[in-house]
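Summary of structural features
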Amino acid sequence: MSPALAAALQLALVVAVLAVLYVPLGDHMARTYTSRTHLRVERIGYRMVRVDPDADQSWKAYAASVLAFTLVSILGLYLLQRVQGVLPLSNGLAGVSPSVAFNTAISFATNTNWQSYVPETTMGHLTQMIGLTVQNFLSASVGMAVAVALIRGIVAVRGGGLGNFWVDLTRGVVRILLPLSIIVAIILLTQGVIMSLHTSFTATGLDGSTSAYALAPVASQEAIKELGTNGGGVLNTNSAHPFENPTPLSNVVEVIALLLIPVCLTRTFGTMVRDRRQGTVLLAVMGALWAAQLAVGLWAESSPHGVAAQAAGAMLEGKEVRFGIPSSVLFAVSTTGTSTGAVNSMHDSYTGLGGGGLLLNMLFGEIAPGGVGSGLFGILVLAVIAVFVGGLLVGRTPEYLGKKIGRREITMAALSILVMPALVLICTAVAVVLPSTSGALGNSGDPGTPGAIHGFSEVLYAFASAANNNGSAFAGITVTNDFFQIALGLAMLLGRLLPIVFILALAGSLAEQTPTPASTGTLPTRGVQFGVLLVGVVILVAALTFFPALALGPIAEALV
Amino acid sequence: MRSLLRPLGGAIRVLLLFTVVCGLVYPLAIWSVSRIGTASAEGSPLQDSAGCVVGSDLIGVDPQVAAGDPDPFFHLRLDGDPTADDPVAGAMTPGDPAAADANDAGPNNETLLEFVQIRREVIAAREGVDPGQVPPDAVTGSGSSVDPAISPAYAELQVPRVARESGLSADAVRHLVAEHTEGRQWGFLGEPRVDVPALNVALGLTAPGCRTPAG
């Protein structure tokens, strides 16, 4: 079979599995968040934690719950890492240093899963399980809860609250993430993903040298790592490591798992607003961006560019032989488009164009198709902006699904999309003028050389990844100095929580409105015309904001 | 501020409850399932004919051969150590399965360029071929740094030397390579490849100095 045909069939398989699951999973999620009945096990849980599951929360109460929960998660994870040395199942590892623990606690509680540490030599099995795995579930469920709250604000008929955060959080875990994780973990086990409570095994190689082979409880976390678009590896080389991703089949399962919920949430949206074509439009926009990025990435990586790559003869540095280029690019585009940040190949070693595409995928604001929940609320905000811009262009009333986009709504939408660019550009600017940064770069050189350009890309990529809660890296950069630990930590925290607060405020203000029926003056928000407008807004916002920065990095590298 | 403080108690209790459910019950349930295939869940250890654990079926660590010693191994992809004093030793460094770490060298990286050139020359000399014949996977570092697979082209390149050094016929070695060559999974997933750790064991090689077979 020709390589091109095999790659095409693999793509077809991914799309086919997503298509088959789209309706059942999308509607299951819609039922999950609209059902009035609690499962018996959920009732027991609510009683144990003394939460009233039938209390409706205003947007402020909902936001306060999200903030309080994220804060508690960060503090809890920080403490757990600091004291792991005295806990069992810690592989004899000491407590994690304050700066790494600070950065990692924020990273996992914000669904970023940026890693400034080598897990094998830093995190004990207990920390992985009761700290990192737990946040893999909870941060993902928080994202879905916020997306659902925004949908409730859109469909609210006469005021009322946005639902109950604790119920949404619980149902997301119990009814969606846990069942899917069990299925995916078992599939991964059949492919050879490890699931061990031992620290390592020792082997005397055929050459007589002795090596320790690190082991860890991987399969359970690997499943939610992809399904929750988290991305933090239990092992340092993440999904490139054969113990996390041993076969081409496990690879395609991981790709499907990380795309699954963000894709199906567009169906959930269409079902909940009782107009499925509204969801289809969003899916089409996500799919178009994903497909375009994939095409560019495959083309860029198919021939070597750069002196080292040309000397090697193919873009295989940082890629595994069992995956080759097509399966590596498919993973890379999907992981950067979903705010996952898991990697099965090293993005730092991609061509200027290929790596730049991955960077741009994050700078779109993680909407192709975006993270679990965050992708949907991200694209809904952009849809509100598109409606507003469209309204200004043709003189129609800006309204979305019967709700007027007035001053308050557009202010909140605009604030929410301004957070990420502000964080990325300010932090990158500060980082590149600090003298300590040049020593932290994995790729550098005299000013103007491709090496120096690539070093700049490493910094830009790091803050784009943090502020978008992605977590992948141009990992040649060493981010363990205090500046990077703190700046990246704050970028992750603000990049997550500020947009969430603005989006819940937007949801609150939409909920207060009584829907107005569509008139001839209404810009239709389903169909090709609106889809094209939305793609235009996405690209325009990213291009206007980031073109100068991209020109100094990947664009320059692609042209030299 | 009070509205922010009020949910804190609930947040702590919810976090604790889910810590038990998602952090203990769920992983231990998956661990229990994994006991059905304990060997693969414990890292697919690979044993030589004497019963010694020599590595993992899934993990590639390039065998090291001192200058002048016989070299009957199929060699794997390399990691590279940019901090090494000797550039040749740096270029030829294998990955470490205790804490695997990739190089993250960009396509214009000068150290990577040097590594690629050194590997091409060292491998060409080792196999007695023209440097232009050394395939790309042989001169590049992998993503995991412990890639267990090489391309069929790189395996074929090594057959004559392995046959000579191991005392097997080239046909017998080629037959073993074919046995350890995997096509695309399901016919279209991934790339054709040769699984080297198991292939080296199949050559009949054993771990020197190993006296404690796996229990």
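Residues numbered from 1 in each chain as written. Chains lettered and ligands numbered in written order. Predicted model: local features only at pLDDT ≥ 70, side-chain atom pairs only at ≥ 80, totals over all residues.

1. Some thoughts on the overall build of chain B
Worth spelling out the cut-off: Only DSSP runs of H or I reaching four residues or more are called helices, and only runs of E reaching two or more are called strands; each is numbered from the N terminus. With C-beta atoms placed from the backbone, a contact is any residue pair whose C-beta atoms sit within 7 Å.
Scanning chain B for helices and strands turns up 9 helices and 5 strands. From first element to last, N terminus to C terminus, chain B shows the α and β order α-α-α-β-β-α-α-α-β-α-α-β-β-α. Dimensions of chain B, computed from the C-alpha atoms along their principal axes, are close to 75 × 45 × 40 Å. Within chain B, contacts between residues at least 6 apart in sequence are counted, and of these 57% link residues at least 24 apart.

2. Some remarks on the overall build of chain A
The line we're drawing: Here the C-beta atoms are placed from the backbone, and a residue counts as buried if at least 20 other C-beta atoms lie within 10 Å of its own, exposed if 12 or fewer do, and partly exposed otherwise.
When its secondary structure is counted, chain A shows 19 helices and 4 strands. When its C-alpha atoms are laid out on the principal axes, chain A stretches across 75 × 55 × 50 Å. Burial statistics for chain A: of 560 residues in total, 64% are counted as buried.

3. Thoughts on the sheet that holds strand E3 (residues 149-150) of chain B
Residue and element names in this part refer to chain B. Operational definition: Here the rule is simple: two strands pair whenever DSSP picks up at least two bridges between them.
Ordered by their spatial adjacency, 3 strands build an open sheet running E3-E5-E4, and the pairing between neighbours is antiparallel. Only two strands of the sheet have a single partner each, and these edge strands are E3 and strand E4 (181-182). Across 2 bridges, the pairing between E4 and strand E5 (residues 193-195) is antiparallel. Looking at E5, one finds that Thr181 is bridged to Val194.

4. Focus: the interface of chain A and chain B
What counts is decided by this rule: Under this grouping Gly is polar, as are all residues other than the nonpolar Ala, Val, Leu, Ile, Met, Phe, Trp, Tyr, Cys and Pro and the charged Asp, Glu, Lys and Arg.
Facing the 104 residues of chain A at the interface are 88 residues of chain B. With 10 residues, the single largest contributor to the side of chain A that touches chain B is helix H3 (residues 59-83) of chain A. By residue class, the composition of the side of chain A that touches chain B is 58 nonpolar, 37 polar and 9 charged.

5. What to know about the environment of Val419(A)
All names here are of chain A. Mapped onto the elements of the fold, Val419 is located in helix H15 (residues 407-433). You can call Val419 buried: it has 21 C-beta atoms within 10 Å. The sequence separation of Val419 and His28 amounts to 391 residues, and the corresponding C-alpha distance is 33 Å. With residues near it in sequence (within four places) discarded, Val419 still touches Leu494, Gly495, Leu498 and Pro499.

6. Quick notes on the pairing of strand E2 (residues 210-214) of chain A
Residue and element names in this part refer to chain A. Across 5 bridges, the pairing between strand E1 (residues 200-204) and E2 is antiparallel. Bridge pairing links Ala203 to Ser211 in E2. A loop of 5 residues connects E1 with E2, the two strands running antiparallel in sequence, and Gly208 in this loop sits at a positive phi of about 90 degrees.

7. Some remarks on helix H14 (residues 374-394) of chain A
Residue and element names in this part refer to chain A. The test is simple: Any helix carries an expected span of 1.5 Å times its number of residues minus one.
Helix length check: H14 (21 residues) gives 30 Å between terminal C-alpha atoms against 30 Å at 1.5 Å per residue, within 8%. Within H14, 16 of the 21 residues are buried, which leaves the element mostly enclosed by the surrounding structure. A positive backbone phi angle near 75 degrees is found at Gly395, which sits one or two residues after H14.

8. A word on unusual backbone geometry
Residue and element names in this part refer to chain A. Cis geometry marks the peptide bond from Ala368 to Pro369, where omega comes out at 0 degrees. As for its placement among the helices and strands, Pro369 is situated in the loop between helix H13 (352-363) and H14. In this model, Thr229 sits at a positive phi of 45 degrees, which is unusual for a non-glycine residue. When you line up the elements, Thr229 lands in the loop between helix H8 (219-227) and helix H9 (248-272). Here the phi dihedral of Leu401 falls at roughly 55 degrees; this positive angle occurs in a residue that is not glycine. Counting through the fold element by element, Leu401 comes out in the loop between strand E3 (399-400) and strand E4 (403-404).

9. As for helix H8 (residues 170-179) of chain B
All names here are of chain B. Going by this rule: Working note: the arc is built from the helix axis to C-beta atom directions.
For H8, the set of buried residues is Val173, Leu176 and Val177. Buried residues along H8 cover an arc of 100 degrees about the axis, so they all sit on one side. Along H8, exposed side chains directed more than 90 degrees from the buried face belong to Asp171, His175, Ala178 and Glu179. In the core, the buried residues of H8 are packed alongside helix H7 (152-166), E4, E5 and helix H9 (196-202).

10. Overview of the packing of H3(A) against helix H2 (residues 8-34) of chain B
Counted only if it meets this: Here, axes are lines fitted to C-alpha atoms. For helices the fit covers the stretch in contact, and angles between N-to-C directions go from 0 to 180 degrees. Should an angle lie under 35 degrees it is considered roughly parallel, over 145 roughly antiparallel, and from 65 to 115 roughly perpendicular; all remaining angles are considered oblique. Here a crossing is called left-handed whenever its near helix is offset anticlockwise from the far helix by less than a right angle, and right-handed whenever the offset is clockwise.
Packing of H3(A) against H2(B) brings their axes to within 9 Å, and their N-to-C directions diverge by 55 degrees. Classified by the interaxial angle, the pair formed by H3(A) and H2(B) is oblique. Between H3(A) and H2(B) the crossing geometry is right-handed. Note on element contacts: H2(B) touches H3(A) through Leu8(B), Ala11(B), Ile12(B), Val14(B) and Leu15(B), opposite Ala68(A), Phe69(A), Val72(A), Ser73(A) and Gly76(A). A breakdown of the residues in the contact of H3(A) with H2(B) according to their chemical character gives 8 nonpolar, 2 polar and no charged.

11. Topic: the nonpolar core
Selection rule: Residues of type Ala, Val, Leu, Ile, Met, Phe, Trp, Tyr and Cys that are buried and joined through C-beta atoms within 7 Å form what is called a nonpolar core. Here the bounds of each domain stem from an automatic or database domain assignment.
Grouped together as the largest cluster of nonpolar side chains are 245 residues, with contacts concentrated most on Val146(A), Phe463(A) and Leu504(A). Examining the composition of this core, we find that 18 residues originate from one element, helix H6 (residues 125-155) of chain A, more than from any other. Residue contributions to this core reach at least three from each of two domains, namely domain 1 (2-39) and domain 2 (44-202) of chain B. Excluding residues within four positions of it along the chain, Phe463(A) makes contact with Leu423(A), Val424(A), Cys427(A), Thr428(A) and Ala491(A).

12. Some details on the packing of H14(A) against H15(A)
Helices that pack against each other are described as a pair by the angle of their axes relative to one another and the distance between those axes. All names here are of chain A. H15 packs onto H14 with a crossing angle of 125 degrees between their chain directions and a minimal axis gap of 9 Å. If you check the angle between H14 and H15, you find them oblique. Every pair of crossing elements has a handedness; the one defined by H14 and H15 is left-handed. Touching Val381, Leu382, Val384, Ile385 and Phe388 of H14 are Glu409, Ile410, Ala413, Ser416 and Ile417, all from H15. Its residues assigned to classes, the contact of H14 with H15 shows 8 nonpolar, 1 polar and 1 charged.

13. Observations concerning the confidence of the model for chain B
Defined as follows: Confidence of the predictor at the level of single residues is captured by pLDDT, which takes values from 0 to 100.
Per-residue confidence for chain B gives a mean pLDDT of 95; residues scoring 70 or more make up 96%. For this predicted complex, the interface score ipTM comes out at 0.97, while the overall pTM is 0.97.

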